[in-house]
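# Descriptive analysis of the structure
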Amino acid sequence: MVPEDQEESQPLLGPSGGSVPRGRRVFLAAFAAALGPFSFGFALGYSSPAIPSLQRDAPPAPRLDDDAASWFGVRPGSRTLPLTLSGWHWDLSPLSNLASLPGAAPSPTSNPGPAAPSLWVRLGRGPWRPLFIPRSATSQAIVTLGAAAGGVLGGWLLDRAGRKLSLLLCTMPFVVGFAVITAAQDVWMLLGGRLLTGLACGIASLVAPVYISEIAYPAVRGLLGSCVQLMVVTGILLAYVAGSILEWRWLAVLGCVPPSLMLLLMCCMPETPRFLLTQHKRQEAMATLQFLWGSEQDWEEPPTRDEHQGFQLAQLRQPGVYKPFIIGISLMAFQQLSGINAVMFYAETIFEKAKFKNSSLASIIMSIIQVLFTAAAALVMDRAGRRLLLTLSGVIMVFSTTAFGAYFKLTQGGPNNSSHVDLFMPISTQAVDPSAGLAWLAVGSMCFFIAGFALGWGPIPWLLMSEIFPLHVKGVATGICVLTNWLMAFLVTKEFSHLMEVLRPYGAFWLTSTFCIFSVLFAVFCVPETKGKTLEQITAHFEGR
């Protein structure tokens, strides 16, 4: 190798002697940035415990009807179709006739839920039971729309305002959004607050991974980068636990605390060295390195390129740009096609079939599983590598979604015992109730799936998104990836109920199993291993150097 090639392959930021930096302030800076994803998780989880409280409130406090609740957010099970439908023939009656029915169940308003049933059903001459029809409108939570816009805005801010200032700016819509919810006097204030928190979620989900990846040295980048997803699921868990104790206004007050703490800590943290170098501020970049990594050695850098010129469409012809573009967008699409929303779709009902009557407890159990296995993934990320964990995670999801589909197939009964309600179906008085063993098969499959998802396809797409793009396209590229993720989440959630109508529930889950198989193949053959590599070495890999 000639001297010029040696100079070009020298990492942009790395010790000249090849020693590993041992600074500890990088962990504090990563924690400060990760409070953004923590606030993101809290905002996502907020609607679950808040909606029942809001639906119970009497004037003058704002009260959500079913349509407003579908925009405000979702609670676990709000899109569920009761599994007790499987194997039963049903008699149907409009809700308006409920009062005149013998043995009628209590009014829906006496036990607030996600939505009032549009039909009531009974088995033969048994008691009337509510039928909750899944509504695609529930997936149209306004926080999702705000997050999609936030992803685009975050990509623009990333290159123009910098990583640190973008994180500081995203704290404002978090705090203002929760403050508006706290002071809400009508539904529009509630929705406006959710829109602002959604906007902040989109920015935080993009900027925080990039900031952490650019301040971390290779030996700990996987650990710190995985903490983004860990903080998201921890924020969701905190919202569920605190929501079981606090009323919705006080829960919103609690939501102001993490972004406020983030604002205070980030004011004391530096901008990333790589962004400073793109702004030709080499001395500041070196000072930042010494602050974060604790090294007093001289740091070498290759000849600088015009990184500050920004993204141009002609750059998509370059392999160093279009290859990571394809990988990043595909990772985000496969993450949503894995079936995570489909599994959560049935979560509450499955726990109820296994005798877990408290849906809040079921939500907390699922969140704890996510936190534990995401933490486990973070601890082994820099040893096992990204590709191995993605593959293992995908294989686990293949088996669990296949078993999930088998559960629905086994509980279907016979050709006339469908989970679809037929208004012209003849009445039958014989029930085929799934056994307790089959109910636990569903619970085990669901927990196994959530654990597998948390090991790989939960945190790693966000980590790789922050690693694979070159500096001069990072803002635009990460913005497109985040936008893809939110749009795919919206579409998958919206269309899943239609898939169940066409393919039956077992067919819908077997379809997600097929997508998981493709995700495994994609991880094995298309995703490069970034473990232990500098960001410049990753870029050189895509450029063929």
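These numbers come from a predicted model, not from an experiment. (Residues numbered from 1 in each chain as written. Predicted model: local features only at pLDDT ≥ 70, side-chain atom pairs only at ≥ 80, totals over all residues. Heavy atoms only, no water.)

## Structural notes on the overall build of the chain
The condition is simple: Helix and strand assignments come from DSSP, with helices taken as H or I runs of at least 4 residues and strands as E runs of at least 2, each series counted from the N terminus. Residue burial is assigned from relative accessible area. The probe radius is 1.4 Å, only protein chains are included, and a residue is buried under 20% of its type maximum, exposed over 50%, and partly exposed in between. Between two residues, a contact is recorded if the distance between any of their heavy atoms is within 4.5 Å. In this description, accessible areas are obtained by the Shrake-Rupley approach with a 1.4 Å probe, and a residue is regarded as covered only by the protein chains that are shown.
The helix and strand tally for the chain stands at 20 helices and five strands. Taken over 545 residues, the chain has a buried fraction of 57%. Counted over contacts in the chain with a minimum sequence separation of 6, partners at least 24 positions apart contribute 84%. For the chain, the accessible surface area stands at approximately 22200 Å², while carbon and sulfur atoms represent 64% of it.

## A short note on the state of the cysteines
Just so we agree on the cut-off: Counting rule for disulfides: a pair of cysteine sulfur atoms within 2.5 Å.
Counted under the stated rule, the structure contains zero disulfides. Here Cys170 is not disulfide-linked; the sulfur of Cys201 is the nearest cysteine sulfur, at 9.1 Å. On the basis of relative accessible area, Cys170 is assigned to the buried category, the value being 0%. Among the residues examined, Cys201 registers a relative accessible area of 0% and is labelled buried.

## Some details on the nonpolar core
Soluble globular proteins tend to pack their nonpolar side chains together in the buried interior. Just so we agree on the cut-off: Only buried Ala, Val, Leu, Ile, Met, Phe, Trp, Tyr and Cys residues count toward a nonpolar core, and they belong to the same one when joined by side-chain atoms within 4.5 Å.
In this structure, Tyr46, Phe174, Phe178 and Met266 are the most contacted members of the largest nonpolar core, which totals 123 residues. Here the element with the most residues in this core is helix 2 (residues 25–56); it accounts for 14 residues. Those residues in contact with Phe178 that lie beyond four places of it in its chain are Phe42, Ala43, Tyr46, Thr197, Ala252, Gly255 and Cys256.

## Regarding the side chain of Ser39
Tracing the sequence through the fold places Ser39 in helix 2. Each residue touching Ser39, except ones within four places of it in the same chain, is listed here: Phe174, Pro258 and Pro259.

## Some points on the confidence of the model for the chain
Which entries qualify depends on this criterion: As a per-residue quantity, pLDDT reports the predictor's confidence and falls between 0 and 100.
For the chain, the average pLDDT comes to 76, and 69% of its residues sit at 70 or higher. The spread of mean pLDDT over the elements of the chain runs between strand 2 (residues 91–94), the lowest at 36, and helix 9 (residues 257–266), the highest at 96. Segment residues 128–140 is flagged for pLDDT under 50; beyond a separation of four residues in sequence, or across chains, it makes 54 contacts in the model. Within the model, pLDDT remains below 50 along residues 414–432, and this stretch shows 39 contacts once partners closer than five positions in the same chain are excluded.

## Comments concerning the packing of helix 8 (residues 248–255) against helix 9
The criterion, for reference: Fitting a line to C-alpha atoms yields each axis, with helices limited to the stretch in contact; the angle taken between N-to-C directions then spans 0 to 180 degrees. Reported orientations rely on four angle classes, namely roughly parallel under 35 degrees, roughly antiparallel over 145, roughly perpendicular from 65 to 115, and oblique for the rest. Residues are grouped as follows: Ala, Val, Leu, Ile, Met, Phe, Trp, Tyr, Cys and Pro are nonpolar; Asp, Glu, Lys and Arg are charged; all remaining types, including Gly, are polar.
Remark: helix 8 packs on helix 9, axes separated minimally by 4 Å, with the N-to-C direction vectors making an angle of 15 degrees. When the interaxial angle is binned, helix 8 and helix 9 end up roughly parallel. Contact residues: Val253, Leu254 and Gly255 in helix 8; Val257, Pro258 and Pro259 in helix 9. Partitioned by chemical class, the residues of the contact of helix 8 with helix 9 number five nonpolar, one polar and no charged.

## Focus on the environment of Leu44
Locating Leu44 in the fold gives a position in helix 2. A relative accessible area of 29% places Leu44 in the partly exposed class. In sequence terms Leu44 and Gly198 are 154 residues apart; their C-alpha atoms lie 8.3 Å from each other. Residues within four places of Leu44 in sequence aside, it is in contact with Arg194 and Trp486.

## Regarding unusual backbone geometry
The phi angle at His280 is positive, at roughly 60 degrees, despite the residue not being glycine. The class of His280 is exposed, set by a relative accessible area of 52%. In this structure, Arg504 is a non-glycine residue whose phi angle is positive, near 70 degrees. In this structure, Arg504 sits in helix 19 (residues 474–525).

## Examining the side chain of Thr272
Inspection of the secondary structure puts Thr272 in the loop between helix 9 and helix 10 (273–278). Its relative accessible area of 0% is what places Thr272 among the buried residues. Among residues more than four places away in sequence, those in contact with Thr272 are Arg163, Tyr211, Glu214 and Ile215.

## What to know about the packing of aromatic side chains
Pairs of aromatic rings are described using the distance from one ring centre to the other and the angle between the two planes. To be explicit about the condition: To pair, rings of Phe, Tyr and Trp, with the six-membered ring standing in for Trp, must have centres within 6.5 Å; the planes then decide the type, stacked if under 30 degrees apart, edge-to-face if over 60, and tilted in the middle.
Per the counting criterion, the structure on display carries 13 aromatic pairs. On the numbers, 5.8 Å between centres and 75 degrees between planes, the contact of Tyr46 with Phe178 is edge-to-face. Separated by 132 residues along the polypeptide, Tyr46 in helix 2 and Phe178 in helix 5 (residues 163–182) bring together distant segments of the chain. Taking the relative accessible area as the measure of exposure, Phe178 reaches 1% and is therefore buried.

## Some details on the environment of Val527
Considering the arrangement of structural elements, one finds Val527 in the loop between helix 19 and helix 20 (535–543). The spatial distance from the C-alpha of Val527 to the C-alpha of Pro324 is 9.2 Å, given a sequence separation of 203 residues. When near neighbours in sequence (up to four residues on either side) are disregarded, Val527 contacts Leu331, Arg387, Leu390, Leu464 and Phe522.

## Description of the packing of helix 4 (residues 142–160) against helix 19
One can describe the packing of helix 4 onto helix 19 by two numbers: an axis separation of 7 Å at closest approach and a directional angle of 175 degrees. Between helix 4 and helix 19, the interaxial angle falls into the category roughly antiparallel. On the side of helix 4, the interface is formed by Thr144, Ala147, Ala148, Gly151, Val152, Gly155, Leu158 and Asp159, while helix 19 contributes Lys474, Gly475, Val476, Thr478, Gly479, Val482, Leu483, Trp486 and Phe490. Of the residues belonging to the contact of helix 4 with helix 19, the class tally is nine nonpolar, six polar and two charged.

## Examining the pattern of salt bridges
Applied cut-off: The salt bridge criterion pairs a side-chain nitrogen of Lys or Arg with a carboxyl oxygen of Asp or Glu, the two atoms within 4 Å.
Taken as a whole and assessed by the stated rule, the structure comprises seven salt bridges. Glu467 is paired through a salt bridge with Arg221; the nearest N and O atoms lie 2.7 Å apart. Residue Glu467 is found in helix 18 (residues 460–468), and its partner Arg221 is found in helix 7 (residues 218–243); the two are separated by 246 residues along the sequence. Note on Glu467: relative accessible area 0%, which makes it buried. Judged by relative accessible area, which is 1%, Arg221 ranks as buried. With a closest N to O distance of 3.1 Å, Glu536 and Arg274 form a salt bridge. One end of the pair, Glu536, is in helix 20; the other, Arg274, is in helix 10, and 262 residues separate them in sequence. Of the residues examined, Glu536 reaches a relative accessible area of 19% and is grouped as buried. On the basis of relative accessible area, Arg274 is assigned to the buried category, the value being 3%. Several salt bridges share partner residues, and in doing so they unite Asp159, Arg163, Glu214 and Lys474 into one network.

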